[in-house]
Amino acid sequence: MSTSFESALGLLLLCGLLGGCVTSGDGRLSEAGGIDRVVAGEPAVMRQTYMTMDLRCRPVKRPTATLTQPPRHGTVRMLPRRGAATYGPGPYRHCDGKVGPSLAFEYTSAPDYRGHDAFAVRVRYADGELRHGHFEVEIR
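In this report, the structure presented in the accompanying data block is examined.

Before going further, it helps to spend a moment on the overall build of the protein chain. Within the protein chain one finds 1 helix and 9 strands. For the protein chain, the sequential pattern of α-helices and β-strands runs α-β-β-β-β-β-β-β-β-β. Sorting the 140 residues of the protein chain into buried and exposed places 43% on the buried side. Contacts in the protein chain between residues at least 24 apart in sequence constitute 70% of all its contacts with a sequence separation of at least 6. Summed over its atoms, the accessible surface of the protein chain is roughly 7500 Å², and 54% of this surface lies on carbon and sulfur atoms.

What follows covers the packing of aromatic side chains. What the rule picks out here adds up to 6 aromatic pairs. Pairing tyrosine 107 with phenylalanine 119 gives two aromatic rings, centres 6.2 Å apart and planes at 0°, and the pair type is stacked. Here the residue tyrosine 107 occupies a position in strand S7 (residues 99-109), and phenylalanine 119 occupies one in strand S8 (residues 115-124), the gap between them amounting to 12 residues. Taking relative accessible area as the criterion, phenylalanine 119 reaches 0% and is therefore assigned buried. Taken together, the aromatic side chains of Tyr50, Phe105, Tyr107, Phe119 and Phe135 make up a single cluster linked through ring pairs.

The residue alanine 65 is located in strand S5 (residues 64-69) in this model. Judged by relative accessible area, alanine 65 falls into the buried class, the value being 19%. For alanine 65 and phenylalanine 105, which are 40 residues apart along the polypeptide, the C-alpha to C-alpha distance reads 9.6 Å. In contact with alanine 65, other than residues within four places in its own chain, are Met78, Leu103, Phe105, Arg122 and Val123.

The final tally for this structure, using the stated rule, is 4 salt bridges. Between glutamate 106 and arginine 77 there is a salt bridge; the shortest N-O distance is 3.0 Å. On the criterion of sequence distance, the pair formed by glutamate 106 in strand S7 and arginine 77 in strand S6 (residues 74-84) is long-range, its members being 29 residues apart. Glutamate 106 sits in the buried class, given a relative accessible area of 15%. With its nearest N and O atoms 2.7 Å apart, the salt bridge here joins arginine 131 to glutamate 129. Residue arginine 131 shares its accessibility class with glutamate 129, and that shared class is buried.

When you tally the buried positions in S7, you get 10 out of 11 residues, the bulk of the element. The pairing of S6 with S7 spans 11 bridges and is antiparallel. Across the sheet, the residue bridging to arginine 82 is proline 101, located in S7.

Across the sheet, 4 strands lie side by side as S2-S9-S8-S5; this open sheet has mixed pairing. Among the strands making up the open sheet, the edge pair consists of strand S2 (35-38) and S5. Across the sheet, the mean angle from the axis of one strand to that of its neighbour is 35°, orientation sign disregarded. As paired elements, S2 and strand S9 (residues 130-139) share 4 bridges and run parallel to each other. Of the residues in S9, the one forming a bridge with arginine 37 is glutamate 138.

So, how was this worked out
- Residues numbered from 1 in each chain as written.
- Predicted model: local features only at pLDDT ≥ 70, side-chain atom pairs only at ≥ 80, totals over all residues.
- Heavy atoms only, no water.
- Helix = DSSP H or I, 4+ residues; strand = E, 2+ residues; numbered from the N terminus.
- Buried < 20%, exposed > 50% of the residue type's maximum accessible area, 1.4 Å probe, protein only.
- Contact = heavy atoms within 4.5 Å.
- Areas by Shrake-Rupley, 256 points an atom, 1.4 Å probe, with all protein chains shown as cover.
- Phe/Tyr/Trp six-rings, centres within 6.5 Å; stacked < 30°, edge-to-face > 60°.
- Salt bridge = Lys/Arg side-chain N within 4 Å of Asp/Glu carboxyl O.
- Pairing = 2+ DSSP bridges.
- Axes fitted to C-alpha atoms, helices over the stretch in contact; angles between N-to-C directions.

Here is the structure:
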């Protein structure tokens, strides 16, 4: 197995066990190590979002986050969004596709910058659970 596949599989299993989920705005789990491609100087919402549901697939309070590593060539803004859950195997699988409140990240590069950037966040769920997210951005 490749490292990114193992990471994605581990994330899916953890997501299913704890009820906290990493989703994307289109309902698909973002690939581990995936790169968001954006246009220079234009705000872009990253594919990966964070949300939680209970066993009845009812939304639980939206997570909060802290920027732990700011981008070198842009800015990040945290936004409330609606996202579709992607839990995969486990006790929350029946919630896959259910829409609820999620936490999203909007990245805007410097207008004249082209190339690679990255940032990291620490996400806190209502039950106190902490997760760490890392975003890779390709600016065109």
